[in-house]
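Below, each chain spelled out in residue letters.
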Amino acid sequence: MNIDAGTMRPTEHGEVYVLNDGGEVDLDLGNYERYLNVTLSRDNNITTGKIYREVIEKERRGDYLGKTVQIVPHVTNAIQDWIERVSKIPVDETVEEPDICIVELGGTVGDIESAPFVEAMRQFQFRVGHDNFALIHVSLVPDMHGEQKTKPTQTTVHSLRGLGLLPDLIACRLLVPQPLNPATKDKISMFCHVASEQVFGVHDVSSVYHVPLLLQSQGILEFLTKRLKLDELKISKEMKEQGASLGKRWREMTAGQERLFDTVTIALVGKYTDLKDSYMSVTKALEHSAFRIHRKLIIEWVESSDLEHGTQENSPAKYHDAWRAVVGANGILVPGGFGHRGTEGMMLAIKYAREQKIPFLGICLGFQLAVIEWARNVLNIPDATSGEFDHTTAHPVVIFMPEISKTHMGGTMRLGLRPTVFEPGTDTWSKARKLYGGAPKIWERHRHRYEVNPAYVKQLVESGCVFAGKDEKGERMQVLEVKDHPYFLGFQAHPEFCTRPLNPSPPFLGFVSASAGPEVFDEQLKAQLETFKPPHPENAMVSEAELKQGQKAENEHLVDSEVDES
């Protein structure tokens, strides 16, 4: 029933993923953006809350002309209209209407929550026609000591058919490294009303990046080409070459993974480490960077509160284990988060990285804590803190942004793709700028309510804490860098949201390569200067003023369409 994922706890549902337009969405959309190299919008994330809000707003305006508003047809029509509208929006650099739209219908067949969506899909198959609708049903096949059980799949397909949907493909998920047995495949085929070639096995593989190749080897492309008549599409020679090149590079990346012996260990010091999905994009950005430098990635998960002195007294074993992980790591990463809990532990890790010259990367909260740690230990302001943790502090080094709502939590932060301008003269020394190919202006996605207090910037810069990148007006500090350090960078933005398997996020690539050694870092810095290409579409990389103008025009257009409809 949530409108979006913005107000959800990370430990409840995994990380909140932010899109270019500021949409706060489910982390699954991050997987789609990364793997398909597409740029999605908030409308690509449908929730029950969004659909009900739309239907209720139409009812209040009188759009239903006095009819009784019901789940069928009004809610189900709203779902279908939404899918049809969004499926036509361009999502890549071709700026063409997509040929295929993948719809992930979450939940389980038979759930109360998904019932209107399942019914909407039943109707949708007739709206678009048989040749334009294929259904892939994902089902768990439990492995009981080597025996693969088909009963759960039989039951769920039976339920699905009872609701009016017939699967074209059944993807059998096995939580073991053994592939789906031919006998199991034949049994599912017999009892689920599909041919054997329509049953696919998806067993555990050494890396998730092998899964596309696993599906390809079982003939998924040939089946979907035939089922959806994809061979009738006109695909240019250039696009075919692009696809072949992507396939080749993907295979090289996955084949190389198996032969990695050198390791790089990163200590991820966070406050939501109980659920690893809370840092999904961060771990993917680290993975992609490790692929690029041909290192096996080892992530040491450190609960930040375990580094604090209170833990030393209450739970000495936890305290020593946490510090052992930090001290033994090649690099220290402090990701984003909200609230005071665990921040003292994060600052202790930052202090250790700064003083011991260990590569460090701070993201959002990590960036702000790096500034606070500097103010406390270099500028000798022991009570320096953030307005988020203490509203009454005498030294608020980090403050609440003036334009942010103090009453509403959802969708009110500084969100979406925004530009950062590097300061003049940074092209000669800034590691961050060189990692972005030496560009004077870069774009990354933001999600924050607090910023560095401008009143302390002069003191911080004069003492060596340099802000290499700022917003276009030069008022907001967005990139922190320490010159006399192998790698000490902080970003107010979340660069992990724009990482790609074959185009890693620059700050993460720099961080992981610096953690692997100065020679590796220098090599990657040189490569980035020559080859870096931003993952964003050209039309998305605009100034803040144009962004505001576009949002204003979009809101006016929405109001106009509402007036036209009524």
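Looking up the protein chain in an unreviewed UniProt entry gives the name CTP synthase, with the organism given as Candolleomyces eurysporus. The UniProt entry for the protein chain carries the following text under Function (unreviewed entry): "Catalyzes the ATP-dependent amination of UTP to CTP with either L-glutamine or ammonia as the source of nitrogen." Taken directly from UniProt, the Pathway (unreviewed entry) text for the protein chain runs: "Pyrimidine metabolism; CTP biosynthesis via de novo pathway; CTP from UDP: step 2/2."

Enquirer: I'd love a proper account of the overall build of the protein chain, names of residues and values included.
Expert: Scanning the protein chain from N- to C-terminus turns up 20 helices and 19 strands. Against the 2.2 N^0.38 benchmark of 24 Å for 566 residues, the protein chain shows a C-alpha radius of gyration of 25 Å, consistent with a compact globule. Here the C-alpha coordinates of the protein chain stretch approximately 70 × 60 × 55 Å along the principal axes. When burial is assessed residue by residue, the protein chain has 49% of its 566 residues classed as buried. A sequence separation of at least 24 residues applies to 70% of the contacts in the protein chain between residues at least 6 apart. In the structure as shown, the protein chain presents an accessible area of about 27,900 Å², 54% of it carried by carbon and sulfur atoms. One finds the centroid of the 62 positive side-chain charges in the protein chain at a distance of 2 Å from the centroid of its 79 negative side-chain charges.

Enquirer: Summarise the UniProt feature "domain: CTP synthase N-terminal" (unreviewed entry) in the protein chain; cite the residues concerned and give the values.
Expert: In the numbering used here, UniProt assigns the feature "domain: CTP synthase N-terminal" (unreviewed entry) to residues 1-230. When the span residues 1-230 is considered, its composition is 41% helix and 10% strand, and the gap between its end C-alpha atoms is 36 Å.

Enquirer: Provide a residue-level description of the packing of helix 4 (residues 71-86) against helix 5 (residues 115-128), including the pertinent values.
Expert: Contact geometry for helix 4 and helix 5: axes closest at 9 Å, N-to-C directions at 65°. As the angle between them shows, helix 4 and helix 5 are arranged roughly perpendicular. Crossing hand, helix 4 versus helix 5: right-handed. Contacts between helix 4 and helix 5 involve Ile 71, Val 72, Val 75, Thr 76, Asn 77, Ile 79, Gln 80, Asp 81, Ile 83 and Glu 84 from the first element and Pro 116, Phe 117, Glu 119, Ala 120, Met 121, Gln 123, Phe 124 and Arg 127 from the second. Among the residues forming the contact of helix 4 with helix 5, the class breakdown is 10 nonpolar, four polar and four charged.

Enquirer: I'd like a description of the pattern of salt bridges, backed by residues and values.
Expert: Side-chain pairs of opposite charge can arise where the charged atoms are in close proximity. Taken as a whole and judged by the stated rule, the model has 29 salt bridges. Note that Asp 131 and Lys 229 form a salt bridge whose closest N and O atoms lie 3.5 Å from each other. Taken together, the positions of Asp 131 in the loop between helix 5 and strand 3 (136-140) and Lys 229 in the loop between helix 9 (220-227) and helix 10 (237-257) put the pair 98 residues apart, joining distant regions of the chain. By relative accessible area, which is 35% here, Lys 229 ends up partly exposed. When the shortest N-O distance is used, the salt bridge between Lys 149 and Glu 147 registers 3.2 Å. One salt-bridge network, held together by shared partners, links Lys 351, Arg 354, Glu 355 and Glu 373.

Enquirer: For the sheet that holds strand 3, give the residues involved together with the corresponding values.
Expert: One open sheet holds the three strands; their spatial order is 3-6-7, and the pairing between them is parallel. In this open sheet, the two edge strands, each paired with only one partner strand, are strand 3 and strand 7 (199-202). Neighbouring strand axes in the sheet, compared pairwise and without regard to direction, differ in orientation by 25° on average. As paired elements, strand 3 and strand 6 (residues 169-173) share five bridges and run parallel to each other. When the sheet's bridge partners are listed, His 137 is paired in strand 6 with Ile 170.

Enquirer: Would you mind going over the environment of Ala 171 in detail, with residue names and values included?
Expert: One can find Ala 171 in strand 6. Taking the C-alpha atoms as reference points, Ala 171 and Ile 136, 35 residues apart in sequence, are found 6.9 Å from one another. Apart from the residues within four sequence positions on either side, Ala 171 is in contact with Ile 136, His 137, Val 138, Ser 139, Phe 200 and Val 202.

Enquirer: Which residues make up the packing of aromatic side chains, and what values go with them?
Expert: What the rule picks out here adds up to 16 aromatic pairs. Pairing Tyr 17 with Phe 497 gives two aromatic rings, centres 5.0 Å apart and planes at 70°, and the pair type is edge-to-face. With Tyr 17 in strand 1 (residues 17-18) and Phe 497 in the loop between strand 19 (488-491) and helix 18 (506-516), the pair connects residues that are 480 residues apart, well separated along the chain. In this structure, Tyr 17 and Phe 497 share a single accessibility class: buried. With a centroid separation of 6.4 Å and an interplanar angle of 45°, the aromatic rings of Tyr 436 and Phe 491 are classed as tilted.

Enquirer: Hey, could you go over the sheet that holds strand 15 (residues 441-448) for me, with residue numbers and the actual values?
Expert: Overall, mixed pairing links the nine strands, which are arranged 9-8-10-11-19-18-17-14-15 in an open sheet. Each edge of the open sheet is held by one strand with a lone partner, namely strand 9 (296-303) and strand 15. Adjacent strand axes in the sheet meet at a mean angle of 30°, parallel and antiparallel pairs treated alike. Alignment of strand 8 (residues 263-270) against strand 9, held across eight bridges, turns out to be parallel. Within strand 9, the position partnered with Ile 266 by the bridge is Ile 299. Helix 14 (residues 343-355) rests against strand 8, strand 10 (331-334), strand 11 (360-363) and strand 19 of the sheet, and its axis sits at about 145° to strand 10.

Enquirer: Break down the side chain of Asn 20 for me, with residues and values.
Expert: Structurally, the position occupied by Asn 20 is in the loop between strand 1 and strand 2 (24-25). Residue contacts for Asn 20: discarding those within four places in its chain leaves Thr 39, Leu 40, Gly 416, Leu 417, Arg 445, His 536, Pro 537 and Ala 540.

Rules used throughout
Residues numbered from 1 in each chain as written. Predicted model: local features only at pLDDT ≥ 70, side-chain atom pairs only at ≥ 80, totals over all residues. Heavy atoms only, no water. UniProt positions renumbered as here; feature names shortened; annotations may be inferred. Helix = DSSP H or I, 4+ residues; strand = E, 2+ residues; numbered from the N terminus. Rg over C-alpha atoms; globule rule 2.2 N^0.38 Å. Buried < 20%, exposed > 50% of the residue type's maximum accessible area, 1.4 Å probe, protein only. Contact = heavy atoms within 4.5 Å. Areas by Shrake-Rupley, 256 points an atom, 1.4 Å probe, with all protein chains shown as cover. Lys, Arg positive; Asp, Glu negative; His and termini not counted. Charge placed at Lys NZ, Arg CZ, Asp CG, Glu CD. Axes fitted to C-alpha atoms, helices over the stretch in contact; angles between N-to-C directions. Parallel < 35°, antiparallel > 145°, perpendicular 65-115°, else oblique. Left-handed = near helix turned anticlockwise from the far one by under 90°. Nonpolar A, V, L, I, M, F, W, Y, C, P; charged D, E, K, R; others polar. Salt bridge = Lys/Arg side-chain N within 4 Å of Asp/Glu carboxyl O. Pairing = 2+ DSSP bridges. Phe/Tyr/Trp six-rings, centres within 6.5 Å; stacked < 30°, edge-to-face > 60°.

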